[in-house]
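# Observations on chain architecture
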Amino acid sequence: MEKRYIYADHAATTAVSDEVLQEMLPYFQEHFGNPSSIYAKGRENERAILDARARVAACLNADPKEIFFTGGGSESDNWAIKGIADKLEQKDKKHIITSVFEHHAVLHTCEFLEKHGFEVTYLPVSPAGLVSPADVEAAIRPDTALVSIMYANNEIGTIQPIPEIGAICRKHGVLFHTDAVQAIGNVKIDVKAQNIDLLSLSGHKFHAPKGIGALYVRKGISLPNLIHGGGQESGKRAGTENVPGIMGLAKAIELATENIPAKIAKLTPLRNQLIDGILKIDQTKLNGDREKRLAGNVNISIVGIEGESLLLMLDHYGIQASSGSACTSGSLDPSHVLLSLGLVHEVAHGSLRLSFGEEFTQEDVDYILEVIPQVVDRLRAMSPMWETLTKENRKLV
Ligand SMILES: *Cc1c(COP(=O)(O)O)cnc(C)c1O
């Protein structure tokens, strides 16, 4: 078996693509001017940012004035949720609805607001990893300020019924935010048609650099300033703009959204082969709905092994992947996402996430399917838990 190097952790981050890098390079040296400066070098960059804002907006069917550049997904989530909470608290709306399996940028922001007098409803998700629109509707109260439900889950890749949830929120006059960080380039997003009021995105998940993102805020909604200072981003997020990052983001989102159906058509059969191949191993379970999931996401629990041992072994074989458990996230608890599906700790601990992009090939699939069964056999042979389960003839999944 010839060793291959396979990066299968796109949900964690992606490399800056050549096209994006080329778009950015002139803005480091030749076009270095401060967009707020009055001379040509400044005004050119002001125009470049205006143009980039329009390009990002066009990819979401938003208006340019509705796009605010930020430092990434976490910042956008924080601004959206705390901003709306701050505004609507004055109208005695102190209730927020979200789901139990959001990204921590949303969950920890909600927990922060709970300490400041807000009440938060954390909706459960189905065993398949889907939020029910009916649950959202049932949770809405007269004092609900905001509903925040992610577009696609970063661990299990499930795609939420965002248009349905958007319609329900609009019907009840409640604002709706979605963390779409994982969805950009994988799902067709139309903020108008889908009744989305606020949307977070992050460049480094689709081949722009780390540290640049955006928040879409529907016209008519005015968020409090995030950073006080100069007049950048309509005076709401002060500080000299990250011009190269902004230019890279615009290019990256255009490339990511230009042919989503082709990407889905290419990746789905590869994903399904991986799922079917890994599920041939005894005592394994697919996490998240099989159909309503990102074309480049596989998340499978493998009973009797520890996620981090698996990742280290896979790394040895050149496969870079992720797991929802323990050391990888710097904590000893299994992932809140996997637990939210109702998995017991033992099963959640042995999970593997493979997330891949357009460069993924059939050869990659074949190699991964050759390596994983061998690695699982070796780890299970050393696992006291597997030994006990086998002796007692007990099945966990
Ligand atoms: C990566 C990610 C974020 C955080 O984005 P950063 O740009 O790294 O701050 C937020 N939400 C989801 C769903 C993500 O996958």
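Residues numbered from 1 in each chain as written. Predicted model: local features only at pLDDT ≥ 70, side-chain atom pairs only at ≥ 80, totals over all residues. Heavy atoms only, no water.

### Describing the site of the ligand
- Taken together, 13 residues sit near the ligand, with S74, D179, Q182, S202 and K205 positioned nearest.
- Contact between the ligand and D179: a nitrogen atom at 2.6 Å from a side-chain N or O atom of the residue.
- Notes on the ligand: free accessible area 380 Å², of which the protein chains cover 87%.
- With 3 residues, the top contributor of residues to the shell around the ligand is helix 3 (residues 73-89).
- Along the lines of polarity and charge, the residues of the shell around the ligand split into 2 nonpolar, 8 polar and 3 charged. (Near = heavy atom within 4 Å. Polar contact = N/O pair within 3.5 Å; in protein donor to acceptor, adjacent residues only side chain to side chain. Areas by Shrake-Rupley, 256 points an atom, 1.4 Å probe, with all protein chains shown as cover. Helix = DSSP H or I, 4+ residues; strand = E, 2+ residues; numbered from the N terminus. Nonpolar A, V, L, I, M, F, W, Y, C, P; charged D, E, K, R; others polar.)

### Let's talk about a negative patch on the surface
- A cluster of acidic residues, D18, E19, E258, E358 and E359, forms a negative patch on the protein surface.
- For E358, the location among the structural elements is in the loop between strand 12 (351-355) and helix 12 (362-381).
- You can call E358 partly exposed: its relative accessible area is 46%. (Patch = residues over 30% accessible without salt bridge, like charges linked within 9 Å, V, L, I, M, F, W, Y side chains within 5 Å. Salt bridge = Lys/Arg side-chain N within 4 Å of Asp/Glu carboxyl O. Lys, Arg positive; Asp, Glu negative; His and termini not counted. Charge placed at Lys NZ, Arg CZ, Asp CG, Glu CD. Buried < 20%, exposed > 50% of the residue type's maximum accessible area, 1.4 Å probe, protein only.)

### As for the sheet that holds strand 9 (residues 284-286)
- In spatial order, the strands read 9-10-12; together these 3 strands make up an open sheet with antiparallel pairing. A strand with exactly one partner marks an edge of an open sheet, and here the two such strands are strand 9 and strand 12. For this sheet the average axis-to-axis angle between neighbouring strands, irrespective of direction, equals 25°.
- As paired strands, strand 10 (residues 297-302) and strand 12 are joined by 5 bridges and run antiparallel to one another. Residue V298 lies in a different strand from strand 12, and its bridge partner there is L354. (Pairing = 2+ DSSP bridges. Axes fitted to C-alpha atoms, helices over the stretch in contact; angles between N-to-C directions.)

### Some details on the packing of helix 3 against helix 4 (residues 104-115)
- Where helix 3 contacts helix 4, the axes come no closer than 9 Å and their chain directions differ by 30°. Here helix 4 runs roughly parallel to helix 3, going by the angle between their axes. In the crossing of helix 3 with helix 4, the sense of the turn from one axis to the other is right-handed. For the pair helix 3 and helix 4, the contacting residues are S74, D77, N78, I81, K82 and A85 in the first and A105, V106, T109, C110, F112 and L113 in the second.
- Its residues placed into classes, the contact of helix 3 with helix 4 shows 7 nonpolar, 3 polar and 2 charged. (Parallel < 35°, antiparallel > 145°, perpendicular 65-115°, else oblique. Left-handed = near helix turned anticlockwise from the far one by under 90°. Contact = heavy atoms within 4.5 Å.)

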